Amino acid sequence: MTAEDFIKSTLEGVILAGGSLVSNSQYLDRISVCMDCPFKGEVTPLPLLTFKGCTECGCPFSTKPKMKTYFSPKRLKMVKAECPKQKWESVDAKYNSIS
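Computed from a prediction, not measured in an experiment: that's the story for all the values here.

The rules behind each value
Residues numbered from 1 in each chain as written. Predicted model: local features only at pLDDT ≥ 70, side-chain atom pairs only at ≥ 80, totals over all residues. Heavy atoms only, no water. Pairing = 2+ DSSP bridges. Helix = DSSP H or I, 4+ residues; strand = E, 2+ residues; numbered from the N terminus. Buried < 20%, exposed > 50% of the residue type's maximum accessible area, 1.4 Å probe, protein only. Phe/Tyr/Trp six-rings, centres within 6.5 Å; stacked < 30°, edge-to-face > 60°. Lys NZ or Arg CZ within 6 Å of the ring centre and 35° of its normal. Disulfide = S-S within 2.5 Å.

Caption draft 1: Region of the structure containing the pairing of strand E5 (residues 77-80). Sheet analysis places strand E4 (residues 67-72) next to E5, joined by 4 bridges and oriented antiparallel. Paired with serine 72 across the strands is lysine 77, a residue of E5. The hairpin turn running from E4 into E5, its antiparallel successor, is 4 residues long, and leucine 76 in that turn takes a positive phi close to 55°.

Caption draft 2: Unusual backbone geometry, seen in detail. For leucine 76, which is not a glycine, the phi torsion comes out positive at approximately 55°. Considering the arrangement of structural elements, one finds leucine 76 in the loop between E4 and E5. Phi at glutamine 86 is positive, roughly 60°, even though this residue is not glycine. Judged by relative accessible area, which is 45%, glutamine 86 ranks as partly exposed.

Caption draft 3: Here's a closer look at the packing of aromatic side chains. Summed over all chains, the structure comprises 0 aromatic pairs. The ring of tyrosine 27 has lysine 66 sitting right over it, with the charged end atom 5.6 Å from the ring centre.

Caption draft 4: View of the state of the cysteines. Using the criterion set out here, one finds 0 disulfides in the structure. Free cysteine cysteine 34: the closest other cysteine sulfur is in cysteine 83, separated by 6.5 Å. Note on cysteine 59: no disulfide assigned, nearest cysteine sulfur contributed by cysteine 57 at a separation of 3.7 Å. Classification of cysteine 59 as buried rests on a relative accessible area of 16%.

So far we have only geometry, and geometry alone does not tell us how the molecule works.
In structure tokens, the structure reads:
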């Protein structure tokens, strides 16, 4: 494992720590929305670390779409995982009506 891979893995672990996950199906539906979004691109949540993610909110696709709640390094608290452009609303409504 390279140093960059280790740092990325550690960052993802910090973000996921203490949060709650959505189902794999909901994650895949959210990512499908993200892949068709004009804000899809490269994000740099920390200097020298680049991920594929949302250029609107700056979150990597490997973290935020998987989460119901997560630790935000920028806000230093737990937050609800939402698309800043409300593009996940129909996906989340579908899964929230099931549970």
